[in-house]
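The residues making up each chain are set out below.
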Amino acid sequence: MTEPKSSRAASTDTGAILVSGAGGEMGHALLEAFAQRYHGKREIIAMDVRELPKDRAAHASKAYACDVSDPAAIDDIGLKHDVSEVWHLAALLSTRGEKSPELALKVNVMGSANLLKLAADSAVRRGTPVKFMFPSTIAIYGVPTLADKRAAGRVDEDHCLEPITMYGVNKRAVEEMGRYYARHYRLLAADRPECTVDFRSIRFPGIISADTVPSGGTSDYGPEMLHSAAQGKPYACFVRPDSRIPFMTMPDAVRSLMELADAPRAKLSRLVYNVSAFAPSAEEIAAKVREFFPKADTTYAPTLERQRIIDSWPEDCDDSAARRDWGWKPQHDFNRAFAEYIVPKIKARYGC
Ligand code: SER
């Protein structure tokens with residue numbers, strides 16, 4: 001991945017960066033970006049519920065296999081390191097969360113609570129705010145019917161907040177917990193603002209990576225269609241051809257988080273921001289995939305559950321607050337995403 005532009009403004013903070021969910025899709029891309037940015041000059045602590053593969057652990061100074069929802073394990077990590085930033089990526093995604101809602105609640109909410117507490121304790125110990133970067137999601141939105149979805153169009157951060165999945169409910173709860181820790185926790189924000197959690201969050205659309213394939217999400221049909229075509233495998237898409245939600249590329253997603261992390265706090269009018277890049281229908285993705293892989297064999301076999309989830313998410317998100325406050329702008333629109341990032345990388349990956 002190319003080093004994000006914002007890294008030129010890399011902070012002078014020398015504390016440790018703790019990354020949860022380091023074994024996931026975004027963790028993969030982020031660890032690489034941190035390795036390029038810090039060249040080992042800053043302690044990167046990677047955490048995942050499973051042991052990280054050796055090549056991924058190599059990007060971190062220390063790797064822990066531990067469950068975010070275990071408070072004692074998280075406390076212990078917090079005491080062993082001088083953590084000044086937490087990038088909390090670990091979560092059970094929307095489709096997986098509907099299979100085990102109680103497990104999703106435990107991992108997504110209790111895991112976040114444990115890490116917010118770690119950040120708060122670390123801020124008090126250090127006497128400086130601890131940054132808490134949190135990927136939220138389009139799944140926090142919920143529109144009741146397809147007609148409402150069409151009428152809502154591009155949704156801003158303050159509307160349609162009635163998620164229908166446990167994952168969406170969990171992420172929304174953590175956004176609020178982040179607000180509490182940033183502004184009210186033990187009234188520290190008023191008395192000792194230097195000891196607070198500096199919570200910053202982005203609501204991501206579906207993300208497409210050329211390097212990894214997601215699992216357990218409902219936006220997975222985008223990347224699955226593409227990776228199947230590149231491997232010459234047929235693909236039965238689990239939503240209707242007219243299903244429309246926003247997507248962005250993984251390099252843009254990682255860059256957006258890094259740019260938000262680098263933005264001066266005073267410029268941020270919100271704690272949680274939408275970002276958006278392009279919003280194709282499933283059929284438009286399939287057509288674009290066929291442009292580059294003419295033999296792609298995509299059919300449609302919508303499933304009730306996943307279709308309901310996609311129908312409840314907005315067609316697109318209004319990201320004007322991010323553009324205004326911290327200069328967000330995607331590098332990849334729909335055409336550039338395929339021509340400049342996805343297709344060249346995926347062809348190199350599968351040798352096609
Ligand atoms: N990609 C996620 C999912 O599909 C949405 O944030 O669950």
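Placed above this text is the structure.
Summary of the structure given here. (Residues numbered from 1 in each chain as written. Predicted model: local features only at pLDDT ≥ 70, side-chain atom pairs only at ≥ 80, totals over all residues. Heavy atoms only, no water.)

Observations concerning the overall build of the chain
Part 1 of the argument: The helix and strand tally for the chain stands at 14 helices and 13 strands.
Part 2 of the argument: The C-alpha radius of gyration of the chain comes to 20 Å, within 12% of the 20 Å expected for a compact globule of 352 residues.
Part 3 of the argument: In terms of principal-axis extent, the alpha carbons of the chain reach across some 60 × 45 × 40 Å.
Part 4 of the argument: Pairs at least 24 apart in sequence give 80% of the contacts found in the chain among residues at least 6 apart. (Helix = DSSP H or I, 4+ residues; strand = E, 2+ residues; numbered from the N terminus. Rg over C-alpha atoms; globule rule 2.2 N^0.38 Å. Contact = heavy atoms within 4.5 Å.)

What to know about helix α14 (residues 334–350)
Part 1 of the argument: Ile342 marks the point of greatest bend in α14, at about 40°, and the proline Pro344 comes within the next four residues.
Part 2 of the argument: Along α14, the positions that sit buried rather than exposed are Phe334, Ala337, Phe338, Tyr341, Ile342, Val343 and Ile346.
Part 3 of the argument: Buried residues in α14 make contact with β8 (206–208), α9 (221–230), β10 (247–249), α10 (250–262) and α11 (282–292).
Part 4 of the argument: For α14, the N-terminal capping position is held by Asp333, with its side-chain oxygen 3.2 Å away from the main-chain nitrogen of Asn335. (Bend = angle between axes of the 7 residues up to and from the residue. Buried < 20%, exposed > 50% of the residue type's maximum accessible area, 1.4 Å probe, protein only. Polar contact = N/O pair within 3.5 Å; in protein donor to acceptor, adjacent residues only side chain to side chain.)

What about the site of the ligand?
Part 1 of the argument: For the ligand, the full set of nearby residues is Leu93, Ser94, Thr137, Tyr167, Gly217, Thr218, Ser219 and Trp313.
Part 2 of the argument: Take Ser94: an N or O atom from its side chain is 2.5 Å from an oxygen atom of the ligand.
Part 3 of the argument: Within the side chain of Thr137, one N or O atom sits 2.6 Å away from an oxygen atom of the ligand.
Part 4 of the argument: Relative to its unbound accessible area of 240 Å², the ligand is 91% covered by the protein chains.
Part 5 of the argument: Here the shell around the ligand is built from residues that sort into 3 nonpolar, 5 polar and no charged. (Near = heavy atom within 4 Å. Areas by Shrake-Rupley, 256 points an atom, 1.4 Å probe, with all protein chains shown as cover. Nonpolar A, V, L, I, M, F, W, Y, C, P; charged D, E, K, R; others polar.)

Overview of the nonpolar core
Part 1 of the argument: Counting 73 residues, the largest nonpolar core has Val19, Phe34, Trp87, Phe204, Tyr221, Trp326 and Phe338 as its most contacted members.
Part 2 of the argument: In terms of nonpolar packing, the next biggest core, distinct from the first, is built from 35 residues, Ile77, Ala123, Phe132 and Tyr185 among them. (Core = buried A, V, L, I, M, F, W, Y, C linked by side-chain atoms within 4.5 Å.)

Section: the packing of α9 against α11
Part 1 of the argument: One can describe the packing of α9 onto α11 by two numbers: an axis separation of 10 Å at closest approach and a directional angle of 20°. As judged from the angle between their axes, α9 and α11 are roughly parallel. α11 is crossed by α9, and the crossing has right-handed handedness. Every residue of α11 that contacts α9 at Tyr221, Gly222, Met225, Leu226 and Ala229 is listed here: Ala282, Ile285, Ala286 and Val289.
Part 2 of the argument: Taken together, the residues that form the contact of α9 with α11 break down as 8 nonpolar, 1 polar and no charged. (Axes fitted to C-alpha atoms, helices over the stretch in contact; angles between N-to-C directions. Parallel < 35°, antiparallel > 145°, perpendicular 65-115°, else oblique. Left-handed = near helix turned anticlockwise from the far one by under 90°.)

Points about unusual backbone geometry
Part 1 of the argument: Positive phi outside glycine occurs at His39, with the angle close to 45°.
Part 2 of the argument: Note on placement: His39 falls in the loop between α1 (25–38) and β2 (44–48).
Part 3 of the argument: One non-glycine residue, Cys160, lies in the positive phi region at around 60°.
Part 4 of the argument: Assignment of secondary structure puts Cys160 in the loop between β6 (154–155) and α7 (166–183).
Part 5 of the argument: In this structure Cys160 comes out as partly exposed when scored by relative accessible area, which is 27%.

Note that every value here comes from positions in space, so none of it alone points to a role or purpose.
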